[in-house]
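Fold and geometry: a report
Listed here are the chains, written in short residue letters.
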Amino acid sequence: MTVNISKPAVNVREKLAELDKPTGIAGEAMLRAETPQEQFNLIGAGRRNLIINGDFQVSQRGDYTSATAISSGGTLYLDRWKTEEITLSGTIQQVVDGYVTGSNSVKLAVTGSSSVGRLGIYQVIEDYKKLAGREVTVSCKLKATAPNCYLWVYDGSSYIKIAEHSGNSSWESLSGTINVSSSASQFRVYVKYSSSAGNSDTPNALTSSDYFEVAEVQLELGKVATPFEHRSYGEELALCQRYYEEVPLGRITGYHIAAVRAGFQWKVNKRAAPTVTFSSSVLSTGASVTLSPSGPTTYGMSINATASVASSGIQSQISIDAEL
Amino acid sequence: MFNKTEESGIYCSTHNHYIPLDPANRHYQEVLDAIIADGTDCFDGDIPEDLQAAADEKQFNQQLADYRAATARLAQYIVADGRAEVREMQPTGEQVFNEETMEMEDVMHEVVTVTAIEPVEPTVTRMVYSDDMDAEPTEETIENPLITTDNAERAAATKIVKNTPKAVKDAE
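Rules used throughout
- Residues numbered from 1 in each chain as written.
- Chains lettered and ligands numbered in written order.
- Predicted model: local features only at pLDDT ≥ 70, side-chain atom pairs only at ≥ 80, totals over all residues.
- Heavy atoms only, no water.
- Pairing = 2+ DSSP bridges.
- Helix = DSSP H or I, 4+ residues; strand = E, 2+ residues; numbered from the N terminus.
- Axes fitted to C-alpha atoms, helices over the stretch in contact; angles between N-to-C directions.
- Polar contact = N/O pair within 3.5 Å; in protein donor to acceptor, adjacent residues only side chain to side chain.
- Contact = heavy atoms within 4.5 Å.
- Parallel < 35°, antiparallel > 145°, perpendicular 65-115°, else oblique.
- Nonpolar A, V, L, I, M, F, W, Y, C, P; charged D, E, K, R; others polar.
- Salt bridge = Lys/Arg side-chain N within 4 Å of Asp/Glu carboxyl O.

Quick look at the sheet that holds strand E8 (residues 159–164) of chain A
Residue and element names in this part refer to chain A.
- Here five strands make up an open sheet; going across it, the order is E2-E5-E10-E7-E8 and the pairing antiparallel. Of all the strands in the sheet, just strand E2 (82–86) and E8 have a single pairing partner and so form its edges. Ignoring strand direction, the axes of neighbouring strands in this sheet form an average angle of 25 degrees.
- Across eight bridges, the pairing between strand E5 (residues 117–124) and strand E10 (residues 188–195) is antiparallel. When the bridges of E10 are listed, Val124 appears paired with Arg188.

Have a look at this one:
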């Protein structure tokens, strides 16, 4: 028996042309990815930025929209960012819409006649253990009027330079990737003028007209600097309040007769038992009152009040500090 | 100035802070640092035993960490001298039969275990520019900054090792 089979004609040229798709390198990388997780990492999906308040929105400690003298190194002004001030002296300022509209920046300016030293800000990362032994990328937008303005990281034993600004007074995107030591005992991200003999570059003398301005600081896992992850003010504030909370002057829930103990719960649970500071404490009658905390924990405290006169209410401003 | 209270932890009268007795709190760590640095001068009255013990432990751990870092720094080669190559005979993993001893023996080969590093140039020359824009720059010869840094770091490490208490060294 004879069987006749007919097959449609195939245009080989057409099929080959189909293979020549207009895909870029990133697109091909996506196609080559073996797993959805790999694709997820490639596009940097999900929560990426490990820096809190990286766009300098939150400033619970005060209004620093005008230049404020830095009192000493290690002081906190804008939430989560500590200052570094060695030999140099300077001011700090939150610049609203400083980088682009809707994106703040922070400006640190050199004051006085300075030569060499360090002036900058840094953030201590709480979850440093998740970075140990892994590749991380640090990025920011930076404008500096003089050389020796850097993006650095510190892993508990070594300072590692990530990138340097050219010092030409214009905004530049800085980024770099490092392998974090598996024995890292902490992790800090610095943006600073470091004009001292301690680094391998030629120290550049700074003058009182020099400043740098930084915006959109990001730390993420992986070797790609993805676009800055914008979070809402409310989200960022809640993240900051794990470390610091300011209760503005207001009435504490409690009633003073001779001595009172009132329960007080933080808005956000704290990283550790916090340091508590009361200020401007008065009774509703205007008489002074002494307040002290009892057993502050990660979730709240009791407030003890003692005064010489009875009153219907107590008011105070409270700072709750669990910063690293 | 600090004082410890029964209910509120440590009170800092300088900043009007109430500091909990929590090692994760940075102000608590600052209290321990103040006890290490200033002793009873920073405290209103005697330092409570638990705080003194915590401060002693912190100081011991700091000294031990510094001692380890300093000894590791001193173990590095001196950049001005360079480093000599070290070779060792090591077994290749193969064995051959020795007819004289009638035993299997390892085949050995020479391996470089420490690579040689040339000493750096003792001095470097750099151009010095005057504030006078019209003046010609001049050449200046200075000690190689790598040697300067190495010497300074070694001197600092030597000082740490020398000043480390015996009890800390013994714990290593």
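Regarding the side chain of A:Gln241
All names here are of chain A.
- Locating Gln241 in the fold gives a position in the loop between helix H4 (233–240) and strand E12 (244–252).
- Of note is the side chain of Gln241, whose polar atom sits 3.5 Å from the side chain of Gln60.
- In contact with Gln241, other than residues within four places in its own chain, are Gln60, Lys267, Val268 and Lys270.

Looking at the packing of helix H1 (residues 26–38) of chain B against helix H2 (residues 49–74) of chain B
Residue and element names in this part refer to chain B.
- Where H1 meets H2, the closest approach of the two axes is 9 Å, and the angle between their N-to-C directions is 80 degrees. What the angle tells us is that H1 and H2 run roughly perpendicular. Side by side, H1 and H2 meet where Tyr28, Gln29, Leu32, Asp33, Ile35 and Ile36 of the first sit next to Leu51, Gln52, Ala54, Ala55, Lys58, Gln59 and Gln62 of the second.
- Its residues placed into classes, the contact of H1 with H2 shows seven nonpolar, four polar and two charged.

A closer look at the pattern of salt bridges
- Counted by the stated rule, this structure contains 20 salt bridges over all chains.
- A single salt-bridge network, built from bridges that share partners, covers A:Arg47, A:Glu229 and A:Glu235.

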